[in-house]
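Okay, here's what each chain looks like letter by letter:
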2 protein chains.
Amino acid sequence: MGFQERDVISVLQKIFATSDSRLTVGIGDDAAVVSTQSQSIITSDMAVEDVHFKLEWSSPFDIGRKITAANIADILSMGGKCDYLTASVALTGNETLQWIENLARGIKHEADLAGSLIVGGDIARGPKIVISMTAVGSSPTPILRSGAKVGDGLYLSSLTGWSAAGLELLTREVSINSETAEKALSEFSAPSLDYEINFSGATAMADVSDSVLVQAEQIADASGVQINIDQTEISQAAEFAELVQLAEELKVDIFQWILAGGEDHALLATGLNLPGIRIGSVLSGSGISGVDMKKAPVSWSHFNHAKN
Amino acid sequence: MGFQERDVISVLQKIFATSDSRLTVGIGDDAAVVSTQSQSIITSDMAVEDVHFKLEWSSPFDIGRKITAANIADILSMGGKCDYLTASVALTGNETLQWIENLARGIKHEADLAGSLIVGGDIARGPKIVISMTAVGSSPTPILRSGAKVGDGLYLSSLTGWSAAGLELLTREVSINSETAEKALSEFSAPSLDYEINFSGATAMADVSDSVLVQAEQIADASGVQINIDQTEISQAAEFAELVQLAEELKVDIFQWILAGGEDHALLATGLNLPGIRIGSVLSGSGISGVDMKKAPVSWSHFNHAKN
């Protein structure tokens, strides 16, 4: 590559520069010094080239947005605000400085939407691009997966399935010239997180990174309740009509996308009279009920991704 | 591989389990919830297989120790205490569960030495092993690189050069049967950080991950001073006699190892009457003076590693 590591660092320092007063010491010393609350929320997410993203499918800007959104979503799903992010990136050496700059701009773009500062990171050489981020946030009262109560409703911050629909278009190499297909491709490349939704009254919450089914089951297990999913309610969601058209064109069960897809980074919450889309309710018992799909749900196999 | 991702997660959860009261919500929810001070210190470091470590050179336990020490050292070098760590790991699928367990044990071992908790992370699939960690710490008064004052002494927490000596033995495939050679190999695989040294009175501090020369220059630049390195003082250090013997056997300039080597993760500090090894002093002016090596210092080229 026609540039040095210090050129990359200099570009990143410029893009991530901030005069935000929460940051006492920024990028350039051994570590950053930031203001924190008495309780902090910490999470990490890693994305690997050809596993979580493909260079031919996504722009560096969208790749940056997506991994950043994934990290921030884990903080939001705790009822928190994401304050700080670090981004460590392994580069192959085949990238242009422009590509790296656009990756950083994507990270910055998403961080700005959430009011988060990028306060550090690392650069390394590797055989594939690896982006590893850590988010540090705060919440006066963190919302866990274990708080769902019998009688609660089940809500999504926005309709899921768009990312799975985009993946389907890409893997089947189907070209459909419609706004809906465009949206699916765009949501696959970088999901648009709803930073405005007010789920502060939620009793339990999770980020839908694996799938609604997987995350609903985690909430059911952690809370000792049964979660009943109501596909009729889902089909009344505003965006459903749009997505179902695409599903019919591709001859796919739309509920496979909505319930068993993944990487949407919407928020799944239980509670009473929450905003968003109501998709079910919390009953006594255990596990998931009410799901009727044409084939057994498959897990998110193309882009295998598990949190520890 | 003969195990599932959930087996790995289950092993990691067991190894990283803690009942420490600083942790309100541990591994298992979307994010961890921890107690923090009003100011926190954040840093990230990434290590890539065949770039920062080689499987044939280091045990998984030592690989885990080394990357953890690298992260913790960046907190210590701010005059801080490392409270929390996250570890995200890309695995190739060729590892045994035992290998992964030993990697985690190495991470835990080093974290325990520093009184740090592992509170989260991520697992992904990749073509090479990548370990990315983030450390969150605290300090009532962070010590920056910019505080060195004319008249200060320059100190190392322990003699550097051991890691470079170990790398030299490995790359030249020289087999020397001595305690000194053993120590060099061991320090290369996993440097032993001095967690007891009291550098709280330091005016400036940095972690020696790149080399004494690189980091001393950073302190000089940030503080607007000249740093004079005194090779005669260095040669009076207790461990010098031991290391010089190995350097002579290998016909290497020992100061190349000590001053231009890297990956030692010792602390380099300026101040008055500090503990550790005095290796120079702070003068008015700029840059580094007093260095007399047989050849021009080379940067740490084998294991190229730059912080942003």
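Numbering of residues begins from 1 in every chain and follows the order in which that chain's sequence is written. To read the labels, note that chains go from A and ligands from 1, taken in the order they are written. Whole-chain, interface and lining totals are the exception, using all residues; otherwise, since this is a predicted model, local features are given only for residues with pLDDT of at least 70 and side-chain atom pairs are given and counted only at 80 or more. Remark: hydrogens and water are excluded; side-chain values derive from all non-hydrogen atoms of the structure.

> Whenever I open this one, the domain arrangement of chain A confuses me. Can you help?
Where the parts come together, the accessible area they lose is often given as the size of the interface. All names here are of chain A. Each assigned domain of chain A is listed here: domain 1 (5-139) and domain 2 (145-302). In this document the domain limits rely on a domain assignment from an automatic tool or a database. Its C-alpha centre places domain 1 at a distance of 26 Å from the equivalent point of domain 2. Each partner contributes residues to the interface: domain 1 has 17 residues there, and domain 2 has 18 residues. The salt bridge criterion pairs a side-chain nitrogen of Lys or Arg with a carboxyl oxygen of Asp or Glu, the two atoms within 4 Å. The tally of links between domain 1 and domain 2 comes to one salt bridge. Among the ionic pairs, Lys66 bridges to Glu263, the shortest N-O distance being 3.5 Å. Counted as a polar contact is a pair of N or O atoms within 3.5 Å, where, for protein atoms, one must be capable of donating a hydrogen and the other of accepting one, and residues adjacent in sequence contribute only when both atoms are in side chains. At the boundary of domain 1 with domain 2, the tally comes to five residue pairs in polar contact (both at pLDDT 80 or more). For the side of domain 1 that touches domain 2, the secondary-structure elements that each account for two or more residues are helix H2 (60-76) and helix H3 (97-114). Only runs of H or I of at least four residues qualify as helices and only runs of E of at least two qualify as strands under DSSP, and these elements are numbered from the N terminus. The greatest single-element share of the side of domain 1 that touches domain 2, amounting to nine residues, is contributed by H2. Residue classes follow a fixed rule: Ala, Val, Leu, Ile, Met, Phe, Trp, Tyr, Cys and Pro count as nonpolar, while Asp, Glu, Lys and Arg count as charged, and any other residue, Gly among them, counts as polar. By residue class, the composition of the side of domain 1 that touches domain 2 is nine nonpolar, three polar and five charged. Here, residues are in contact when the closest pair of their heavy atoms is within 4.5 Å.

> I'm lost on the sheet that holds strand E11 (residues 277-283) of chain B in this one. Help?
Think of a sheet as strands paired side by side through backbone hydrogen bonds, with each pair either parallel or antiparallel. Residue and element names in this part refer to chain B. Criterion used throughout: strands pair if DSSP finds at least two bridges between them. Strand order across the open sheet formed by six strands is E8-E10-E7-E11-E9-E12, with mixed pairing between neighbours. Single-partner strands in this sheet number two, and they are strand E8 (204-208) and strand E12 (287-289). Along the sheet, successive strands turn relative to each other by an average axial angle of 25°, direction set aside. Two strands pair when backbone bridges link them, and E8 and strand E10 (residues 266-271) are joined in this way by five bridges, in the antiparallel orientation. Across the sheet, the residue bridging to Asp207 is Leu267, located in E10. Packing against the sheet, helix H2 (residues 60-76) makes contact with E8 and E10, and its axis sits at approximately 170° to E8. Lines fitted to the C-alpha atoms define the axes, with helices restricted to the stretch that makes contact. Angles between their N-to-C directions range from 0 to 180 degrees. Strands in contact with helix H6 (residues 212-223) are strand E7 (153-156), E8, strand E9 (226-229), E10, E11 and E12; relative to E8, the strand with the most contacts, it is inclined by about 155°.

> Just checking my understanding: could you explain the relation of the copies chain B and chain A for this structure?
Two copies of a chain can be linked by a rotation about an axis combined with a shift along that same axis. Least squares is the method used to superpose the copies, on C-alpha atoms of residues holding a pLDDT of at least 70 in both. The transformation that overlays chain B on chain A combines an axial shift of 0.0 Å with a rotation of 180°, and the residual RMSD is 0.0 Å. The transformation just described matches what one would write down for a two-fold rotation axis.

> For this particular structure, what's the right way to read the pairing of strand E6 (residues 130-138) of chain A?
The side chains of a regular strand alternate between the sheet's two faces. Residue and element names in this part refer to chain A. Burial of E6 is extensive: nine of the nine residues sit out of reach of the surface. Alternating residues of E6 divide into Val130, Ser132, Thr134, Val136 and Ser138 and Ile131, Met133, Ala135 and Gly137, and every residue in both groups is buried. Judged from the eight bridges that link them, strand E3 (residues 39-48) and E6 form a sheet pairing that is antiparallel. Paired with Ile42 across the two strands is Val136, which belongs to E6. With nine bridges connecting them, strand E4 (residues 81-91) and E6 associate as antiparallel partners. If you follow Ala90 over to E6, its bridge partner there is Val130. A simple rule labels every residue: compare its accessible area, found with a 1.4 Å probe on the protein chains alone, to the largest value its type can have, and call it buried under 20%, exposed over 50%, or partly exposed in between.

> What is the right way to read the sheet that holds strand E12 (residues 287-289) of chain A from this model?
Residue and element names in this part refer to chain A. Across the sheet, which stays open at both edges, the six strands sit in the order E8-E10-E7-E11-E9-E12 with mixed pairing between neighbours. Each end of this open sheet is capped by a strand with a single partner; those strands are strand E8 (204-208) and E12. Each strand of the sheet is rotated relative to its neighbour by a mean of 25°, with strand direction disregarded. The strands touched by H2 are E8 and strand E10 (266-271); relative to E8, the strand with the most contacts, the crossing angle is about 170°.

> Got a minute to help me understand the interface of chain B and chain A in this structure?
Every contact between the two is made by 61 residues of chain B and, on the other side, 61 residues of chain A. Two parts lose some accessible area (1.4 Å probe) when they are put together, and adding that loss for both gives the buried area. Buried surface at the junction of chain B and chain A, both sides included, amounts to about 5000 Å², of which 55% is carbon and sulfur. Seen at the junction of chain B and chain A, the total is four salt bridges. Asp29 of chain B is paired through a salt bridge with Arg145 of chain A; the nearest N and O atoms lie 3.7 Å apart. At the surface where chain B touches chain A, the tally comes to 32 residue pairs in polar contact (both at pLDDT 80 or more). Of the residues forming the side of chain B that touches chain A, the biggest block, nine residues, is contributed by strand E3 (residues 39-48) of chain B. Of the residues belonging to the side of chain B that touches chain A, the class tally is 28 nonpolar, 22 polar and eleven charged. One ladder, built from four bridges, connects strand E2 (residues 32-35) of chain A with E3 of chain B; its direction is antiparallel. Of the residues in E3 of chain B, the one forming a bridge with Val33 of chain A is Ile41 of chain B.

> Would you mind going over the environment of Lys81 of chain B with me for this structure?
All names here are of chain B. When you line up the elements, Lys81 lands in strand E4 (residues 81-91). Exposure remark for Lys81: the relative accessible area of 38% places this residue in the partly exposed category. Between the C-alpha atom of Lys81 and that of Pro140, which follows or precedes it by 59 residues, the distance is 9.8 Å. If near-sequence neighbours (up to four positions away) are discounted, Lys81 is found in contact with Arg22, Ile75, Ala114, Gly115, Gly137 and Ser138.

> When you look at the packing of aromatic side chains in this model, what are you seeing that I'm missing?
Aromatic ring pairs are defined here through the distance separating the ring centres and the angle between the ring planes. The aromatic pairing rule takes the rings of Phe, Tyr and Trp, using the six-membered ring of Trp, and pairs them if the centres are within 6.5 Å, calling planes under 30 degrees apart stacked, those over 60 edge-to-face and the rest tilted. Going through the model one piece at a time under the given rule, you end up with four aromatic pairs over all chains. Positioned above the aromatic ring of Trp57 of chain A is the side chain of Lys54 of chain A, whose terminal nitrogen or guanidinium carbon lies 5.4 Å from the ring centre. Here, a charge over a ring means that NZ of Lys or CZ of Arg falls within 6 Å of the ring centre while also lying within 35 degrees of the ring normal.

> Explain the side chain of Asp264 of chain B to me, please; I cannot follow it from the model alone.
All names here are of chain B. With respect to the element layout, Asp264 can be found in the loop between helix H9 (254-260) and E10. One buried charged residue, Asp264, remains without a salt bridge, the closest side chain of opposite sign being Lys66 at 8.6 Å. Apart from residues no more than four positions distant in its own chain, Asp264 is found in contact with Thr160, Gly161, Trp162, Ser163, Pro191 and Val208. His residues and chain termini do not enter the charge count, which takes Lys and Arg as positive and Asp and Glu as negative.

> Help me out: how do you make sense of the environment of Gly285 of chain A in this one?
Residue and element names in this part refer to chain A. Relative to the elements of secondary structure, Gly285 occurs in the loop between strand E11 (277-283) and E12. For Gly285, a relative accessible area of 42% gives the class partly exposed. With 58 residues separating them in the primary sequence, Gly285 and Ile227 have C-alpha atoms 8.3 Å apart. Non-local contacts of Gly285, meaning those with residues more than four positions away in its chain, are made with Gly224, Val225 and Gln226.

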